[in-house]
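# Working through the structure, step by step
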Amino acid sequence: MSRPTRILITGATGAQGGSVARHLLKTGHYQVRCITRRSQSEAARALADLGAEVVEADLDDPPSLRVALRNCDGVFGVTNYWEHGEREVVQGCNLVDAILHGEVRHSVLSTLPHTSLLSGGRLHVRHFDTKARVEEYARGRGIPATFVHVAAYYENFLKNYPPRRQRDGTYAFHLPQGSTPLAGVAVEDIGGVVAAIFDESFWYRDKVIGIVGDDLTCEEYAGIMSRVLGRHIEYRYISAQDYAALGFPGASDIADMFEFYRLFVPNRKADLIKSRELYPEIRPFERWVRENADKFAQAMS
Ligand code: NAP
């Protein structure tokens, strides 16, 4: 079976979809159509400048998805829990239904594991479980799909948990991850793996591919940042309970996410090997830090 050639992308004005759009366009053998709610935004215009077709559609509006999908034979789908909460499930299922009614040969959906089931009800990472429910729905409907489980973005070290200056002049970041490796990936590399999956979609139907650029303990992340950035950076463990008590929006969900990774995912070395096989240029953390040293200087100031 031949690979798809015209791919519809959701979330293309954002991190994952944007990375996928840029990688597919770079190959020169895919036509790319991006959906957005705001076709005049800066991000949407930048995609058009790269050669993507940009159309307005909304994951909450099934007819708009069907129109957007016309003449497309491939789909990359990502949904955003952090904007929509549990509604992400409906939006993901809307996309699956549109795929089912279209002429799609292959789709790649960004989903995540079902933490409540896998932890026997002990943990509830809502932003994972919503995506797991979409994956379950897609499997039940039998659409041709690969499910990608994307590791934590390296960019979280710049935006969500940058090393902070301590009273003694050193830097530290605090996470409930303990000594279990935490898989990570550079956002811009996600599309490299997804493009490789589309290239050989026949082999990846119904499979889960974990997208991982490195799989290091937090101490190792700290060691690399210290060495490359020339500052003393330490990792300090904080319990999931204390982390949840920090009280920022989504804190308890994120606390449960680290607890899930700490207790139920001993490592993601197999995903790392597969990701490197699919996209050999995928960056290890050290190289990514070197390339982003100026951004760290800003984030840590
Ligand atoms: P992002 O950069 O925040 O961008 C969100 C995208 O979703 C935008 O392109 C936006 O498009 C689109 N969108 C939102 N609501 C929409 C709607 N109703 N209809 C159509 N498009 C809509 O998002 P991201 O980081 O790529 O992906 C977010 C997901 O990644 C989250 O669900 C999160 O759980 C998951 N994730 C995050 C990490 C991490 O480490 N942060 C790791 C793995 C997975 P417009 O605004 O242009 O319409």
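These figures come from a predicted structure and were not determined experimentally.

### Notes on the overall build of the protein
Helices and strands together make up the secondary structure of the protein, namely 16 helices and 13 strands. Here the C-alpha atoms of the protein give a radius of gyration of 19 Å, agreeing with the 19 Å that 2.2 N^0.38 yields for 301 residues. Summarising its shape, the C-alpha atoms of the protein cover approximately 60 × 40 × 35 Å along the three principal directions. Going through the 301 residues of the protein one by one, you find that 56% of them count as buried. A separation threshold of at least 6 residues defines the contact pool for the protein, and within that pool the share at least 24 residues apart is 75%. Counting every atom, the protein has about 13,600 Å² of accessible surface; 49% of that belongs to carbon and sulfur. For the protein, the separation between the mean place of its 36 positive charges and that of its 38 negative charges on side chains is 1 Å.

### Overview of helix α1 (residues 15-27)
For α1, with 13 residues, the first-to-last C-alpha span of 19 Å sits near the 18 Å given by 1.5 Å per residue. Of the positions making up α1, those classed as buried are Q16, G17, G18, S19, V20, A21, H23, L24 and L25. In the segment just after α1, G28 is the residue with positive phi, at about 80°.

### Re the pattern of salt bridges
Inspection of every chain in the model, using the stated rule, returns 21 salt bridges. Its salt-bridge partner being R87, residue D60 comes within 2.6 Å of it at the nearest N-O pair. With D60 in the loop between β3 (53-56) and α3 (62-69) and R87 in helix α5 (residues 87-101), this residue pair connects regions lying 27 residues apart in the sequence. Classification of D60 by relative accessible area gives partly exposed; the value is 30%.

### Comments concerning the packing of aromatic side chains
The tally for this structure, following the rule as stated, stands at 20 aromatic pairs. Between Y161 and F258, the aromatic rings sit 6.1 Å apart at their centres with planes inclined by 70°, giving edge-to-face as the arrangement. Of this pair, Y161 sits in the loop between α8 (156-159) and β8 (164-165) while F258 is found in helix α13 (residues 251-264), placing the two residues 97 residues apart along the sequence. When the ring of Y243 is compared with that of F248, the centres are 5.8 Å apart and the planes differ by 90°; the resulting orientation is edge-to-face. What makes F248 partly exposed here is its relative accessible area of 34%. Among the aromatic side chains, those forming a connected cluster through ring pairs are Y154, F157, Y161, F173, Y221, Y235, Y243, F248, F258, F285, W288 and F296. Over the aromatic face of Y30 sits the side chain of R3, whose NZ or CZ is 4.9 Å from the ring centroid.

### Notes on helix α11 (residues 218-229)
The terminal C-alpha atoms of α11 lie 16 Å apart, and with twelve residues this matches the ideal 16 Å at 1.5 Å per residue to within 8%. Those residues of α11 that fall on the buried side of the exposure criterion are C218, Y221, A222, I224, M225, S226 and L229. G230, located one to two residues past α11, shows a positive phi value of around 70°.

### Brief notes about the pairing of strand β9 (residues 171-175)
The buried count for β9 comes to four of five residues, which makes it a mostly enclosed element. The loop that links β8 with its antiparallel partner β9 comprises five residues; one of these, G169, has a positive phi angle of about 90°.

### A look at the site of the ligand
Taken together, the neighbourhood of the ligand is formed by 27 residues, with T13, T36, R38, H84 and Y153 sitting nearest. Separating an oxygen atom of the ligand from a side-chain N or O atom of T13 is a distance of 2.6 Å. In isolation the ligand has 940 Å² of accessible area, and contact with the protein removes 85% of it. With four residues, the top contributor of residues to the shell around the ligand is helix α4 (residues 81-84). Split by residue class, the shell around the ligand holds ten nonpolar, eleven polar and six charged.

### Here we look at the nonpolar core
Formed by 39 residues in total, the largest nonpolar core has its most connected members in F173, M225, F285 and F296. Ignoring sequence-local partners within four residues, the contact set of F296 consists of F157, L158, M225, L229, W288 and V289.

### Remarks on the sheet that holds β8
By definition, the strands of a sheet pair up through backbone hydrogen bonds, in either a parallel or an antiparallel sense. Overall, mixed pairing links the three strands, which are arranged β8-β9-β13 in an open sheet. Each of the sheet's edge strands pairs with one partner strand only, and the pair in question is β8 and β13 (233-237). Across two bridges, β8 lies against β9 in antiparallel orientation. Across the sheet, the residue bridging to R165 is Y171, located in β9.

Cut-offs and rules
Residues numbered from 1 in each chain as written. Predicted model: local features only at pLDDT ≥ 70, side-chain atom pairs only at ≥ 80, totals over all residues. Heavy atoms only, no water. Helix = DSSP H or I, 4+ residues; strand = E, 2+ residues; numbered from the N terminus. Rg over C-alpha atoms; globule rule 2.2 N^0.38 Å. Buried < 20%, exposed > 50% of the residue type's maximum accessible area, 1.4 Å probe, protein only. Contact = heavy atoms within 4.5 Å. Areas by Shrake-Rupley, 256 points an atom, 1.4 Å probe, with all protein chains shown as cover. Lys, Arg positive; Asp, Glu negative; His and termini not counted. Charge placed at Lys NZ, Arg CZ, Asp CG, Glu CD. Expected span 1.5 Å × (residues − 1). Salt bridge = Lys/Arg side-chain N within 4 Å of Asp/Glu carboxyl O. Phe/Tyr/Trp six-rings, centres within 6.5 Å; stacked < 30°, edge-to-face > 60°. Lys NZ or Arg CZ within 6 Å of the ring centre and 35° of its normal. Pairing = 2+ DSSP bridges. Near = heavy atom within 4 Å. Polar contact = N/O pair within 3.5 Å; in protein donor to acceptor, adjacent residues only side chain to side chain. Nonpolar A, V, L, I, M, F, W, Y, C, P; charged D, E, K, R; others polar. Core = buried A, V, L, I, M, F, W, Y, C linked by side-chain atoms within 4.5 Å.

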